[in-house]
Amino acid sequence: MAKTSAHQKNRSYTNVVYATPVSEHPSLDEVYEVTPFSEAFWTYLNYVILNIFGWFRDLLRNARIENRKGSAENNPPGFVPLYQSYESFYTRNVYQRIADCFNRPIGSVPGATLDLLERVTDDYNWSFRFTGGKVKTINLASYNYLGFANNSGPIVESVINSIKTSGLTAASTTQEFGTLTQHRKLESLLAEYLGTEDAIAFGMGFATNALNIPTLVGKGCLILSDELNHASLVLGARLSGAVIKVYKHNDMNHLERLLRESIVSGQPRTHRMWKKILIIVEGVYSMEGSLCKLPELIELKKKYRAYLYLDEAHSIGAMGLRGRGVVDYWKCDVNDVDILMGTFTKSFAAAGGYIAGKKDLIDHIRVTSHSTAYATSMSPPVVEQIVSVLNLLLDNDEEHEGRRRINQLAWNTRYFRQRLTKMGFIVYGHPHSPVVPALLYSPSKIAAFNREMLKRGVAVVTVGFPATPLVLGRVRFCLSASHTKEMLDEVLKHAEEVGDLLNMRKSKLNPKRPFHETES
Amino acid sequence: MGSPANHDNVASLATDFYSLLESFKETPFYHLLFEIFLVLTVLWLILFRKPRRIEKKLTEKEKQELIDEWQPEPLVPPVDANHPALNVRVLDGIVGKTIEIDGKKSLNFATFNFLNFVGNPRITDKAIQAVQKYGVGSCGPRGFYGTIDIHLELEERLAHFFNCEEGIIYSYGFSTVASIIPAYSKRNDILFVDEGVHYAIQKGVEASRSTVKWFRHNDISDLERLLVEQDIHDKKNPKKARTLRRFLIIEGLYMNYGDLCPLPRMVELKYQYKYRIFMDESVSFGTIGQTGRGVTEYYNIDRRKIDLISSSLEYSVGSIGGFAVGSSFVVDHQRLSAQGYCFSASLPPLLAAAAIEALNIMEEEDTTLCDTLMEKSKRLHQKLLDIKGYLIVGEDISPLKHLRLTNSQNTVARLEEIVEFAQTRGITITVARYLNDEHRLPEPSIRLILNVEMTDEELEFLCTVLQEARVKVTV
């Protein structure tokens, strides 16, 4: 792999027309470097200091020596307090200190570059004030994998046209009068793209999971869900009423053990046989950057006659030779996955979710889904955006724009990951996933990294507890096909600087090497 | 003969016993201890130990057999191909005051288009401008660069419209209330919920895992009974009662019944029994009250007494999404704890721009739109009462009414026939669709929705057609 990238570096990338597909054997080498002891120690110490300060400040606030910031209840006394004070301890004392790193408002299309609205705080992040200025930054934060977030071009023209001809909403549910011809067209194109018999689309990705998993499994069923599954999958599983067992992330041995034990012992207490077993996994996990082990999952599923639910929120369009997701990447048969689910927010730059599979599955969902019976159908301009993108990805145009973007994303991913790893950052995840987390461990470092990168004109996402485990705070880069090599080089240069400033380039597996650019 | 021998025996016994005791004294201590321990163990075994059923562990072979034998149910049960959800009408064009079906134009009394903002040219222009500035999708959740300035503007405008401190928007109407309730009400908290609330609220209540107490639809005395019961329960354990939060979940105008909630009495009870009110005004926003500010305006109640008002942008406003308004103290909590807000992508900017323009129109028109709508609703109500054979469910000022057939003739099949007939005559109406696992399934009905731009002649025409349909169906 190093040889190919050295060779490619000598070509000019000012106008990338990368026609050769990046076809490699899907590799299984995901690496998770062990947390260095020193990092763990300093991170725990960091939390201890924050806790001590937090406790002290709470004491001052309760004794009214310090003013209580934030708003107060407007009901007369006698009501049970709405929030427990210990629940919001973390929010008040840790999150509030670094609140300027989150919820940053933007003022432009979330493409390769982003215009952030400049805001300042006069009282240590309790309230913000907009100065009216805009900061131009390189955007490694938005989920724009194929670079379709644009505000001009042929796709935008067709979207504008559809607003004029179909309005913004049908104001009715799918089962009543909300189904338009565009929805049917979207569903048939989607089924063609994914290679399944039928598909159905919904207006919100989160709701697709939360409202449809209860229609597939219920009481008396078993759900085996990965440790790091998204909140929408967890909510859908809980609402269904089935028994949920969690297995360690991507650990197929643990999953098999759980399957065997569960089938043998049956339902808890009554020991009746389970009605169904559903395994819920994601294609690409957005916090770890890891891929699910699909071939092994399919093998397990067939051996134990379970059903497989694959959530491709981050992987549809971004993984695979033809951009058809992890099924395409691992070269598996799409009919082996019982329920394919995905969202349109990430690679398609629209909004909404879908479920695809066999025709009787989709018919059942059409009849029993909470969303088709009670929620308004998708907005026509959003549907038009997805249909246009699908047409490009199906390779129906002469310029092969879809193919170009898929290849560009794959190249960007490999290049960025390689260089970041060589710099000595501890990078998690699969080498081919466009989500690149680099570990920072402590909450102060995640705030510092975020602010330093913003000063240098790069917008990144840094996350800490509770989205990640306590000591594993990280920065997560989301690559896009619209990033040029120059942009990535600039980002890497800044990351190198900030990494040195924060002393984060201390990977033992990939010790940092001085990296000199041979091109200007 | 007896006694000397006995005497001898007794004496010998006594001697034996005495020598036994002597021997006890001579034995080593540990020996004694051990013997006492053995005796006690035997006693315990006999008296106290319950016989344990020895469960034989399954052998690997047996386990494999069980695994091989197990057969799951099919993933989905067979579905009736004639189910109406599989045979929906597919429409084309703008679904506004009139719809084109099979080439014919028909009047639309079926979609939630109360203020006729669908297809409004001003809103269309603003949406197009937003697409040309921001593109279509926002590509991220609110926490990670998905907050666009237009979202902040919409939240401010909504808060200003309702004269509340803060507003928050969601990207899907169904998920709004279904995410709000679990954000505040946790396990062991108490929810007093009206039985007639719509499905999204029921799902929110289920997701919260709290103790739910249902009271009969719009029945204040039933609610009071539950409150009194809870009060008695609290007095037995006051320490625990001080940690349990209580909420009342109601709708302003009920979607399944078309009637208003008795809000003044509920606010009185709030201060008496110390619960918080979460009101869902999806249907009443923009339609009830002189300027469309909902049930609180209609009853002239101070909006600060309601802890949280949630609503939908999908009905009167003609966009997509939902929102909640209230005091900062209450609303701000959702920014970190409401699942549908934190873990979901934000609303596409073009839909937010459309909502802002719709609010502009509502504020400009001020009383004209809503007053007109309430007047027309009253007139329609009168006209419908004149038709024989229908039971009209709902308030007279409500633009959403439910029509049922009288007596025992009220079945879905008959109502579908009426709908079919009306369609041939150029009126589009719909049977209200529900899922079977509603908490209290409402009776079958036709949901009539009034559009503010309908003229009197069109309302007359609707009533004529309904009358003819009734006659046709009973024959």
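Bear in mind that the values here come from a model prediction, so they are computed numbers and not experimental data. (Residues numbered from 1 in each chain as written. Chains lettered and ligands numbered in written order. Predicted model: local features only at pLDDT ≥ 70, side-chain atom pairs only at ≥ 80, totals over all residues. Heavy atoms only, no water.)

### With respect to the overall build of chain B
Helices and strands together make up the secondary structure of chain B, namely 18 helices and 15 strands. Its C-alpha atoms give chain B a radius of gyration of 36 Å, more than 25% over the compact-globule value 23 Å for 475 residues. Each of the three principal axes of chain B carries a C-alpha extent, and together these read 135 × 55 × 50 Å. Expressed as a percentage of its 475 residues, the buried residues of chain B come to 56%. Taking the intrachain contacts of chain B between residues at least 6 apart in sequence as the baseline, contacts between residues at least 24 apart amount to 69%. Element-wise, carbon and sulfur atoms account for 54% of the exposed surface of chain B, whose accessible area totals about 21900 Å². (Helix = DSSP H or I, 4+ residues; strand = E, 2+ residues; numbered from the N terminus. Rg over C-alpha atoms; globule rule 2.2 N^0.38 Å. Buried < 20%, exposed > 50% of the residue type's maximum accessible area, 1.4 Å probe, protein only. Contact = heavy atoms within 4.5 Å. Areas by Shrake-Rupley, 256 points an atom, 1.4 Å probe, with all protein chains shown as cover.)

### Some words on the domain arrangement of chain B
All names here are of chain B. Domain parsing of chain B yields domain 1 (88-114 + 366-474) and domain 2 (121-365). Once you take the C-alpha centre of each, domain 1 and domain 2 turn out to be 27 Å apart. If you look at the interface, domain 1 gives 27 residues, while domain 2 gives 30 residues. Roughly 2500 Å² of surface becomes buried between domain 1 and domain 2 when both sides are summed, with 58% attributable to carbon and sulfur atoms. The largest share of the area that domain 1 buries against domain 2 comes from Phe112, Asp366 and His439, three residues that together contribute 23% of it. Our count for the contact surface shared by domain 1 and domain 2 stands at 1 salt bridge. Notably, a salt bridge pairs glutamate 195 with arginine 440, separated by 2.9 Å at the nearest N-O pair. Our count for the domain 1 to domain 2 interface comes out at 9 residue pairs in polar contact (both at pLDDT 80 or more). Where the side of domain 1 that touches domain 2 is concerned, the elements lending two or more residues are α16 (367-386) and β12 (400-405). At 7 residues, the largest contribution of residues to the side of domain 1 that touches domain 2 is made by α16. (Domains from an automatic or database assignment. Buried area = accessible area lost by both parts, 1.4 Å probe. Salt bridge = Lys/Arg side-chain N within 4 Å of Asp/Glu carboxyl O. Polar contact = N/O pair within 3.5 Å; in protein donor to acceptor, adjacent residues only side chain to side chain.)

### Some remarks on the domain arrangement of chain A
Residue and element names in this part refer to chain A. Domain annotation of chain A identifies domain 1 (6-139 + 403-517) and domain 2 (157-393). Between the C-alpha centres of domain 1 and domain 2 the distance comes to 28 Å. Between domain 1 and domain 2, the residue contacts involve 24 residues of the former and 20 residues of the latter. Taken together, the two surfaces of domain 1 and domain 2 that pack against each other cover about 1700 Å², and 63% of this comes from carbon and sulfur. Where domain 1 meets domain 2, there are 1 salt bridge. Of the charged contacts in the structure, one is a salt bridge between arginine 474 and glutamate 288, with a shortest N-O distance of 2.9 Å. Our enumeration of links across domain 1 and domain 2 arrives at 7 residue pairs in polar contact (both at pLDDT 80 or more).

### A look at a nonpolar patch on the surface
Taken together, the side chains of Ile36(B), Val39(B), Leu40(B), Val42(B), Leu43(B), Trp44(B), Leu45(B), Ile46(B), Leu47(B) and Phe48(B) present a nonpolar region at the surface, about 1100 Å² in accessible area. Structurally, Ile46(B) is set in helix α2 (residues 29-47). (Patch = residues over 30% accessible without salt bridge, like charges linked within 9 Å, V, L, I, M, F, W, Y side chains within 5 Å.)

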